[in-house]
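Residue-level structural notes
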Amino acid sequence: MNPPRMTTITALRRAATLASARQRVADLRERSLLGGVFYVFSWTLIVLYSEALTLRLPWVLAGGLALGLLGALRFLPSPTLPDTEAADRVQHRLWALLLSMAGLWGALCCWAWIDPAFAASRMITAIGVVSLATAYSQLYAVRRAQAFTGVALMMLPTMTAIALEGGYNGLLLMMAVNLLFLVAVIVRSNREYEAKLDLEIELRTERDRYVRLSRVDALSGLANRGHFQTVFDAATASREAGVVLLVLDVDRFKQVNDRFGHVAGDRVIIGVAEALRGAVEAVRGVPARLGGEEFGAVLRDIDATQALAVAEDLRRRINALRFSLPDGSDFNVTASIGIGALDPKKHRDGDALYREVDAALYKAKAGGRNRVVAIQ
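Reference entry: report on the structure contained in this document. Predicted model, so just to flag it, every value in this text is computed and none were measured. Positions within a chain are numbered from 1, following the residues in the order the chain's sequence is written. Per-residue local features of the predicted model are confined to residues with pLDDT of at least 70, and side-chain atom pairs are confined, for both listing and counting, to 80 or more; whole-chain, interface and lining totals are unaffected and use all residues. Heavy atoms from the whole structure form the basis of all side-chain values; hydrogens and water molecules are not counted.

Should a side-chain nitrogen of Lys or Arg be within 4 Å of a carboxyl oxygen of Asp or Glu, the pair is scored as a salt bridge. For the coordinates displayed, the defined rule picks out 13 salt bridges. Note that Glu165 and Arg122 form a salt bridge whose closest N and O atoms lie 2.7 Å from each other. Note that Glu165 is positioned in helix H6 (residues 144-165) and Arg122 in helix H5 (residues 122-139), a separation of 43 residues in sequence. For Glu165, a relative accessible area of 41% corresponds to the partly exposed category. Throughout, exposure labels follow a simple rule: accessible area from a 1.4 Å probe, protein chains only, divided by the maximum for the residue type, with under 20% read as buried, over 50% as exposed, and the rest as partly exposed. Its relative accessible area of 14% is what places Arg122 among the buried residues. Two residues, Asp217 and Arg289, come together in a salt bridge whose shortest N-O distance is 3.3 Å. Taken together, the residues Asp217 in the loop between helix H7 (169-215) and helix H8 (225-237) and Arg289 in strand E2 (residues 286-291) connect sequence positions 72 residues apart. Secondary structure elements are taken from DSSP: a helix is a run of H or I of four residues or more, a strand is a run of E of two residues or more, and numbering for both begins at the N terminus.

Next up on the list: the sheet that holds E2. With mixed pairing, the five strands of this open sheet are ordered in space as E2-E3-E1-E6-E7. The sheet is open, and its two borders are formed by E2 and strand E7 (372-374), each paired with just one other strand. Taking the axes of each pair of neighbouring strands and ignoring which way they run, one obtains an average angle of 20° across the sheet. We call two strands paired when DSSP finds no fewer than two bridges between them. Pairing geometry for strand E6 (residues 335-341) and E7, over three bridges, is parallel. Among the inter-strand pairings, Ile337 is bridged to a residue of E7, identified as Val372. By definition in these notes, contact holds between two residues if any of their heavy atoms fall within 4.5 Å. An axis is simply a line fitted to the C-alpha atoms; with a helix, the fit covers only the stretch in contact. Between two such axes, the angle follows the N-to-C directions and lies from 0 to 180 degrees. Against the sheet, helix H12 (residues 350-366) makes contact with strand E1 (244-250), E2, strand E3 (294-299), E6 and E7, and its axis sits at roughly 145° relative to E6, the strand it touches most.

Attention shifts here to a nonpolar patch on the surface. Nonpolar side chains (Val, Leu, Ile, Met, Phe, Trp, Tyr) within 5 Å and like charges within 9 Å form the patches, drawn only from residues with over 30% relative accessible area and no salt bridge. Accessible areas in this description were obtained via Shrake-Rupley with a 1.4 Å probe; residue shielding takes into account the shown protein chains only. Residues Phe41, Leu45, Leu48, Tyr49, Leu53, Leu57 and Leu61 make up a contiguous nonpolar surface patch of about 670 Å² in total accessible area. Elements with a minimum of two residues in the nonpolar patch: helix H1 (3-48) and helix H3 (57-73). Here Leu61 lies in helix H3. Relative accessible area serves as the criterion here: at 46%, Leu61 is assigned to the partly exposed category.

Glancing now at the packing of aromatic side chains. A pair of Phe, Tyr and Trp rings is counted when the ring centres sit within 6.5 Å of each other, with Trp represented by its six-membered ring. The angle between the planes then sorts it: under 30 degrees is stacked, over 60 is edge-to-face, the rest tilted. As enumerated under the stated definition, the model contains 11 aromatic pairs in all. Ring centres of Tyr39 and Trp105 lie 5.8 Å apart, and the angle between their planes is 80°; on these two criteria the pair is classed as edge-to-face. Pair noted here: Tyr39 is in helix H1 and Trp105 is in helix H4 (residues 84-114), with a separation of 66 residues, a long-range link. Taken individually, Tyr39 and Trp105 each receive the classification buried, so the pair is uniform in this respect. With 5.8 Å between their ring centres and 35° between their planes, Trp43 and Trp111 make a pair best called tilted. In this pair, Trp43 is assigned in helix H1 and Trp111 in helix H4, connecting sequence segments 68 residues apart. Of the residues examined, Trp43 reaches a relative accessible area of 3% and is grouped as buried. Ring pairing ties together the aromatic residues Trp43, Trp111 and Phe118, which thus form one cluster.

To continue, consider unusual backbone geometry. A positive phi angle, close to 50°, is found at Arg252, a residue other than glycine. Tracing the backbone through its elements, the reader meets Arg252 in the loop between E1 and helix H9 (253-260). Positive phi outside glycine occurs at Arg284, with the angle close to 60°. Assignment of secondary structure puts Arg284 in the loop between helix H10 (262-280) and E2. Note on Arg284: relative accessible area 71%, which makes it exposed.

Here the focus is the side chain of Arg74. You can see Arg74 is positioned in the loop between H3 and H4. In this structure Arg74 is buried but unpaired, with Glu30 as the nearest side chain of opposite charge at 13 Å. With residues up to four places along the chain from it excluded, the contact list for Arg74 reads Arg29, Ser32, Leu33, Gly35, Gly36, Tyr39, Leu97, Leu98, Met101 and Tyr140. Positive residues here are Lys and Arg, negative ones are Asp and Glu, while His and the chain termini are left out of the count.

Attention now goes to the nonpolar core. If you look at the biggest cluster of nonpolar residues, it comprises 51 residues, and the most contacted ones within it are Trp43, Trp105, Phe118, Tyr136 and Met155. Residue contributions to this core peak at 14 residues, all from H4. Not counting residues up to four positions away in its chain, the partners in contact with Tyr136 are Tyr39, Trp95, Leu98, Leu99, Ala102, Gln146, Ala147, Gly150, Val151 and Met154. One finds Ala279, Val310, Phe323 and Ile337 within the second-largest nonpolar core, a separate group that totals 35 residues. Think of a nonpolar core as a cluster: buried Ala, Val, Leu, Ile, Met, Phe, Trp, Tyr and Cys residues, connected wherever their side-chain atoms sit within 4.5 Å.

Multiplying one less than the number of residues by 1.5 Å gives the expected span of a helix. For helix H11 (residues 304-320), with 17 residues, the first-to-last C-alpha span of 24 Å sits near the 24 Å given by 1.5 Å per residue. Listed as buried for H11 are Ala307, Val310, Ala311, Leu314, Arg315 and Ile318. The buried residues of H11 occupy an angular sector of 140° when the element is viewed end-on, so they sit on one face. Exposed side of H11, more than 90 degrees from the buried face: Thr305 and Ala320 are the residues found there. The inward-facing, buried residues of H11 contact E1, H10, E3, E6 and E7. Working note: the arc is built from the helix axis to C-beta atom directions.

Moving on to the packing of H4 against H5. The geometry of H4 relative to H5 is characterised by a closest axis approach of 9 Å and an angle of 160° between their N-to-C directions. Considered as vectors, H4 and H5 are oriented roughly antiparallel to each other. The handedness of the crossing between H4 and H5 comes out as left-handed. Of H5, the residues touching H4 (which contributes Trp95, Leu98, Leu99, Ala102, Trp105, Cys109, Ala112 and Trp113) are Arg122, Met123, Thr125, Gly128, Val129, Leu132 and Tyr136. Classes in brief: Ala, Val, Leu, Ile, Met, Phe, Trp, Tyr, Cys and Pro nonpolar; Asp, Glu, Lys and Arg charged; the others, Gly included, polar. Broken down by class, the residue content of the contact of H4 with H5 amounts to 12 nonpolar, two polar and one charged. Oblique is the label for every angle not falling under 35 degrees (roughly parallel), over 145 degrees (roughly antiparallel), or within 65 to 115 degrees (roughly perpendicular). In a left-handed crossing the near helix is turned counterclockwise from the far helix by less than a right angle, and in a right-handed crossing that turn is clockwise.

So this is what it looks like as structure tokens:
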């Protein structure tokens, strides 16, 4: 098994899950901004075409203010969503708000049907119940259960009041037919939304995968030469102290391939990559495979003494690796390492630093291998 690849796959899956959660929050929030004002407007029509404004003024105003407050809460800024748990919490809050609005609208319309003060606006009330429930089913089918609940909260109270009063069987039947239609709308709209979201997430995941592949060496799982160069150029462009370049070469790697085969050689590359990752990521370095058996790392905000300690730790890690063979025996490898810090007074650019570190690497080779040489 190649641990770096497994790490990449796991990261892609987690990123896709988080992207899906964020998209659901964004879609729900965008849809929620559309409807708040229409509840207040519809309630105003029901009140104006009745005697409730005169006979029930305090309660009418209380209902309108409650609708307005719930509508205004939809415009609160959305918090950051660093993980799926945060996204789920925001979704729960949005649904609590939307279902509260649906429940309040259903209660107000039921009251308007029962109270004689609203008698003149009964048909407007029935139309308001059906029309806003229809809009709710279309807007909020992003979650099937919540959409069903919201529509039920809006329609069932008034339908129950109509049924208990009697005499409006035609209206009640039409509302029941509409309710069944809304259930079908929610089921279909939810299916289409989920399919669209799955496609968007799949496309985003594929895009991210290709971006990663363009930056990652397939065998080692480290950054490839191109991405390493980008990081190195950015680090040295600032011309600030604290930038260290480390370059290592596996000693006598060709002999490993010739003697034990390329499969064993690949295992050496993977093992050295893991050793490099463990040594430099502890100090927030960026490890990379530069090609063949050559590796590198860019370290930031570190002094020469600390960098040298990292290089020595890396050399020991590589020397301690053991690679088993089919016959039960094993072998190990060593590495030569060149290391140097950027000196703005000495190095005109990153290339000048790279040439010096590369020369230090060859000095380590010439000096007997399995050693660290720092530039002077």
